[in-house]
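Understanding the architecture of this molecule
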Amino acid sequence: MLTTQALVGPGDRVVAITPLWPNLVEIPKIMGAHVECIELRFGPRGWTLDLDRLIARLTPDTRAVYINSPNNPTGWTLRADEQREILSHCRRQGTWVVADDAYERLYYDGDAAVAPSFLDLSDAEDRIVSTNTFSKSWLMTGWRLGWVVAPAELIPDLAKLLEYNTSCAPVFVQRAGVVAVSQGDAVIAHTLARYRRARDYLVGRLRAMPGIEVFAAPGAMYAFFRVAGVTDSLAFCKALVAEHGLGLAPGIAFGPEGEGFVRWCFASSESRLADGASRLERYLHAGAPTR
Ligand SMILES: Cc1ncc(COP(=O)(O)O)c(C=O)c1O
């Protein structure tokens, strides 16, 4: 919100890659921007980006592009070569890159354990803002603590906006953040290994269910899967929670291209995932998708 208040005004053009955590599409709209969504595609290799299409839509009048990688809800993750191409295009025309890096430390491909970041490719003056949070990797959801990395020219405005929005994070929460960054590496490594096992277990269970199309995502903590025959994911999820006690997020919450999909957060124990999978099986067996 602070980043958008600093960068975006009425009538500005903003591009976002979707499906996406809805805040990143709605916040620029609150500031009066026009948001164009570039959809990821769901195909035989999972969720992918048509890079040429994105670049073509990053027109010279585009104020900012919002990219969340690894992505909530799909887990899709930008490669470094794709980031390089987006960055050089944005540099040429002065477009800001707003990178929501909330899940960068929840990355399962390769040995790096941290997803490719625009910050690795950028100079101090580049028009890149990386936003981040303690919520995911440090398991501090609800603590309302995060940070931004931004070029020096933006910091005075961000400081004012912070003052006028919340003044500051509470001191005891800041202290918790200091403990998290100074002692949290082992927790992150343990969490990553746990989530990787949880992802593989859940994807295995889902793949065995008829009508479900799912891929193991390279990042984040969700399986975003298609259920054959579902045209109203909200109704599907409401009935699932009401009748079988399993709460999943409807794909439509993440944009129209998410319709027909369901998001399952696998940041959970194997026994809970096993129980949930059995509930979903019973629901599908009872003919849920035709509701
Ligand atoms: C992409 C993304 N960014 C940011 C956040 C928010 O994190 P916080 O708990 O710090 O508000 C989330 C939470 O779901 C998210 O998915």
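Here, every reference points to the structure presented above.
Strand order in the open sheet formed by 4 strands is β9-β10-β12-β11, with antiparallel pairing between adjacent strands. Each having just a single partner strand, β9 (212–213) and β11 (249–250) make up the two edges of the open sheet. Bridging between strand β10 (residues 222–227) and strand β12 (residues 261–265) involves 5 bridges; their strand directions are antiparallel. Of the residues in β12, the one forming a bridge with Y222 is C265. In this fold helix α9 (residues 270–285) packs onto β9, β10 and β12, with an angle of close to 160° to the strand it touches most, β12.

Here R79 lies in the loop between β5 (62–68) and α4 (80–93). Among the residues examined, R79 registers a relative accessible area of 46% and is labelled partly exposed. Taking the C-alpha atoms as reference, R79 lies 27 Å from P250; in sequence the two are 171 residues apart.

What follows covers helix α8 (residues 233–244). A rise of 1.5 Å per residue sets the reference length of α8, with its 12 residues, at 16 Å; its end C-alpha atoms lie 16 Å apart and thus fit the reference within 8%. Looking at α8, one finds that the buried residues are S233, F236, C237, A239, L240 and H244. Take α8 and look down its axis: the buried residues cluster within an arc of 165°, on one side only. Residues of α8 that are exposed and angled more than 90 degrees away from the buried face: K238 and A242. For α8, the elements touching its buried residues are β10, β11, β12 and α9.

All right, on to the nonpolar core then. L206, I212, F225, F236, W264 and L280 are the most contacted members of the largest nonpolar core, which totals 35 residues. For this core, the secondary structure elements donating two or more residues are α7 (185–207), β10, α8, β12 and α9. Residue contributions to this core peak at 6 residues, all from α7. Once residues lying within four places of it in the same chain are set aside, the contact partners of W264 are L202, L206, M221, Y222, A223, F225, L246, L248, L273, G276, A277 and L280.

With that settled, consider the packing of α8 against α9. Contact geometry for α8 and α9: axes closest at 11 Å, N-to-C directions at 115°. Classified by the interaxial angle, the pair formed by α8 and α9 is roughly perpendicular. By crossing handedness, the relation of α8 to α9 is classed as right-handed. Two secondary-structure elements touch here, α8 through A235, F236, A239, L240, E243 and H244 and α9 through R279, L280, R282, Y283 and L284. When the residues that make up the contact of α8 with α9 are grouped by side-chain class, the tally is 7 nonpolar, 1 polar and 3 charged.

Time to look at the site of the ligand. Looking at the ligand, the residues that line it are W21, N68, N72, D100, A102, Y103, T133, S135, K136 and R144. Residue S135 places a side-chain N or O atom 2.5 Å away from an oxygen atom belonging to the ligand. Side-chain polar atom of R144 to an oxygen atom of the ligand: 2.6 Å apart, as the coordinates give it.

Let us now look at the packing of α7 against α9. For the pair α7 and α9, interaxial distance at closest approach is 10 Å and the crossing angle is 15°. Considered as vectors, α7 and α9 are oriented roughly parallel to each other. Seen from above, α7 lies across α9 with right-handed handedness. Contacts between α7 and α9 involve A198, Y201, R205 and L206 from the former and E270, L273, A274, A277, S278, L280 and E281 from the latter. Each residue belonging to the contact of α7 with α9 can be placed in one class, and the counts come to 7 nonpolar, 1 polar and 3 charged.

Procedures and definitions
Residues numbered from 1 in each chain as written. Predicted model: local features only at pLDDT ≥ 70, side-chain atom pairs only at ≥ 80, totals over all residues. Heavy atoms only, no water. Pairing = 2+ DSSP bridges. Helix = DSSP H or I, 4+ residues; strand = E, 2+ residues; numbered from the N terminus. Contact = heavy atoms within 4.5 Å. Axes fitted to C-alpha atoms, helices over the stretch in contact; angles between N-to-C directions. Buried < 20%, exposed > 50% of the residue type's maximum accessible area, 1.4 Å probe, protein only. Expected span 1.5 Å × (residues − 1). Arc of directions from axis to C-beta. Core = buried A, V, L, I, M, F, W, Y, C linked by side-chain atoms within 4.5 Å. Parallel < 35°, antiparallel > 145°, perpendicular 65-115°, else oblique. Left-handed = near helix turned anticlockwise from the far one by under 90°. Nonpolar A, V, L, I, M, F, W, Y, C, P; charged D, E, K, R; others polar. Near = heavy atom within 4 Å. Polar contact = N/O pair within 3.5 Å; in protein donor to acceptor, adjacent residues only side chain to side chain.

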